[in-house]
Amino acid sequence: MDMFSKALKNLVPYTAGEQPRDSLYVKLNTNENPYPPPAPVKAMLQTLDVDRLRLYPDPLCRTLREKLGKLNGVPADMVFTANGSDEALSFCFFAFFDGEKGCVLFPDITYSFYPVYCNFYRLPYRTLPVSADFSIDAEAFIENAKISSGIIFPNPNAPTGMYLEPDRIASLLERYPKDKAVVIDEAYIDFGGVSSAGLLGSYTNLVIVRTFSKGMSLAGLRLGYVLASPEAVNALIRVKDSFNSYPVDYITQELASAACDNPDYFKEIQMRIRDTRDNFTRDLRALGWNVLPSRANFIFASKDGLTGKEIYSKFREQNILVRHFNIERISHFVRITIGTPADMDLVLKTAASLWRNNHD
Ligand SMILES: *Cc1c(COP(=O)(O)O)cnc(C)c1O
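Here the structure is a predicted model, which is why all the values come from computation and not from measurement. (Residues numbered from 1 in each chain as written. Predicted model: local features only at pLDDT ≥ 70, side-chain atom pairs only at ≥ 80, totals over all residues. Heavy atoms only, no water.)

1. Let's talk about the sheet that holds strand β6 (residues 181-185)
Reading across the sheet, the 7 strands line up as β2-β8-β7-β6-β5-β3-β4 and stay open at both edges, with mixed pairing between neighbours. Where the open sheet ends on each side, the last strands, each with one partner, are β2 (79-82) and β4 (125-128). Strand-to-strand twist in this sheet, taken as the mean axis angle between neighbours without regard to direction, amounts to 20°. Here helix α5 (residues 113-120) sits on the sheet and contacts β3 (103-107), β4, β5 (148-154) and β6; the angle it forms with β3, its principal contact strand, is near 170°. Against the sheet, helix α8 (residues 230-240) touches β2 and β8 (224-227), its axis set at about 25° to β2. (Pairing = 2+ DSSP bridges. Helix = DSSP H or I, 4+ residues; strand = E, 2+ residues; numbered from the N terminus. Axes fitted to C-alpha atoms, helices over the stretch in contact; angles between N-to-C directions. Contact = heavy atoms within 4.5 Å.)

Given below as structure tokens:
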């Protein structure tokens, strides 16, 4: 016997990408943004009132939620904020999925935190295979609607970068039961996809999860948010208040608000990343790699005859960090975050010299 709970022993934590403590590496393994936050965010940090830290922050993040609502064309009571979108996702699993109603549905190849939350909250789940081209099969959700308590998937999907068109999502929402949640994790929506936020007015069971970590260059700040009906937002506030009244601290509220005031800067760097991604995709294909079409700030690629682990290890020896997954169907792929054009040139040159084609 020891002091540890059975629940603890049964936990299977998510494995995050490596976060090395030195800056030896060109770090293209956790989809961070290569560009800094805008100058007004830095200026805001410098003017923050340290004495204010004596007090608790606004537990309801009212100013920030107003701003996020304006940016997304919804009122503040349709916005919920959390300490990173992983926390927002976790609250969604607790609030909207119910083992007695059925299982949680998600694609077999997707964000590997979803099964971790299911285990944490003891929710049954069923994974549905993505199509042969790795696109999400929206019809499979409909076919399994009866046995489900809800759906969750990222759009664009991770780690594939594959994007589900808005008309497919509208059709899914139209046919899926209205008393079961459809949670769309839009962590990568800033890189060329169209958000499903426009459908919130028509479907009260739609829940959209967003993050400041990728498109907004603020992974270190820890801010995620949810766009959903006022009832769903109240449900998430109830969960938050049963866990931690103040998950979003004062500094985060102020800096994230400053970020919201500078949407043009973010559009500009997101556009730059899209251009770099499209050029890198073309150039890597020219070297004989298979690259899935990505709408995210990373690409998912493989090269015949190599495993993902081999590619990862060879790049690592050259101080380039990418991510590979020991998961069936994708073990020969690596996920490469899109950095600056100079980062991607280095990846291309390194790939070209590591794996020369047989004829040269
Ligand atoms: C990065 C990522 C998140 C987590 O983002 P945080 O806001 O940093 O917690 C959530 N979902 C997906 C699909 C991601 O790739």
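2. A few points about the packing of helix α3 (residues 62-72) against helix α9 (residues 250-260)
Describing two packed helices takes the angle between their axes plus the distance from one axis to the other. Packing of α3 against α9 leaves a shortest axis separation of 9 Å and a crossing angle of 25°. Looking at the two axes, α3 sits roughly parallel to α9. Crossing of α3 over α9 shows left-handed handedness. Contacts between α3 and α9 involve T63, L64, K67, L68 and L71 from the former and Q253, A256, S257 and C260 from the latter. Considered class by class, the residues forming the contact of α3 with α9 number 5 nonpolar, 3 polar and 1 charged. (Parallel < 35°, antiparallel > 145°, perpendicular 65-115°, else oblique. Left-handed = near helix turned anticlockwise from the far one by under 90°. Nonpolar A, V, L, I, M, F, W, Y, C, P; charged D, E, K, R; others polar.)

3. What to know about the pattern of salt bridges
Scanning the model with the defined rule gives 13 salt bridges in all. With a shortest N-O distance of 3.1 Å, D108 and R329 are connected by a salt bridge. Residue D108 is found in the loop between β3 and α5, and its partner R329 is found in the loop between β12 (323-324) and β13 (333-337); the two are separated by 221 residues along the sequence. On the basis of relative accessibility, which here comes to 32%, the residue R329 falls in the partly exposed class. For D283, the salt bridge is made with R282, and the minimal N-O distance between the two is 3.0 Å. (Salt bridge = Lys/Arg side-chain N within 4 Å of Asp/Glu carboxyl O. Buried < 20%, exposed > 50% of the residue type's maximum accessible area, 1.4 Å probe, protein only.)

4. Quick look at the environment of F91
Position of F91 relative to the elements: it lies in helix α4 (residues 85-96). For F91, a relative accessible area of 2% translates into the label buried.

5. With respect to the nonpolar core
Within the largest apolar cluster, 86 residues are counted, with the highest numbers of intra-cluster contacts made by F153, F212, F280, W289 and F315. Other than its neighbours up to four places away in sequence, F212 contacts L68, S217, L218, A219, L223, Y225, A256, A259 and C260. (Core = buried A, V, L, I, M, F, W, Y, C linked by side-chain atoms within 4.5 Å.)

6. Points about the sheet that holds β13
Read from one edge of the open sheet, 4 strands run β9-β10-β13-β12, paired in antiparallel fashion. Only two strands of the sheet have a single partner each, and these edge strands are β9 (290-291) and β12. The sheet contact formed by β12 and β13 spans 2 bridges and is antiparallel. The residue of β13 that forms the bridge with R323 is R335. Contacts from helix α10 (residues 263-286) reach β9, β10 (298-302) and β13, with the element oriented near 10° to β10.

7. Side note on the pairing of strand β7 (residues 206-211)
The element β7 is extensively covered by neighbouring structure, given that 6 of its 6 residues are classed as buried. Taking every second residue as pointing to the same face, both faces of β7 are buried, with L206, I208 and R210 on one and V207, V209 and T211 on the other. Pairing geometry for β6 and β7, over 4 bridges, is parallel. What sits directly across from V182, in β7, is L206. Inspection of the sheet shows β7 paired to β8 by 4 bridges, in the antiparallel sense. Within β8, the position partnered with T211 by the bridge is G224.

8. Looking at the packing of aromatic side chains
Taken as a whole and judged by the stated rule, the model has 24 aromatic pairs. Counting every residue linked through ring pairs, the aromatic cluster contains Y14, F93, F97, F106, Y111, F113, Y114, Y117 and Y125. Of note, R52 hangs over the ring of Y250, and the distance from its end group to the ring centre comes to 4.7 Å. Here the basic side chain of R272 rests over the ring of Y35, its NZ or CZ set 4.5 Å away from the ring centre. (Phe/Tyr/Trp six-rings, centres within 6.5 Å; stacked < 30°, edge-to-face > 60°. Lys NZ or Arg CZ within 6 Å of the ring centre and 35° of its normal.)

9. Some words on the packing of α10 against helix α12 (residues 341-354)
Following both chains from N to C, one finds α10 and α12 inclined at 10°, their axes separated by 10 Å at the closest point. Between α10 and α12, the angle falls in the class roughly parallel. Taking contact as the criterion, the partners of T276, F280, D283 and L284 in α10 are, on α12, P341, M344, V347 and L348. Here the residues of the contact of α10 with α12 sort into 6 nonpolar, 1 polar and 1 charged.

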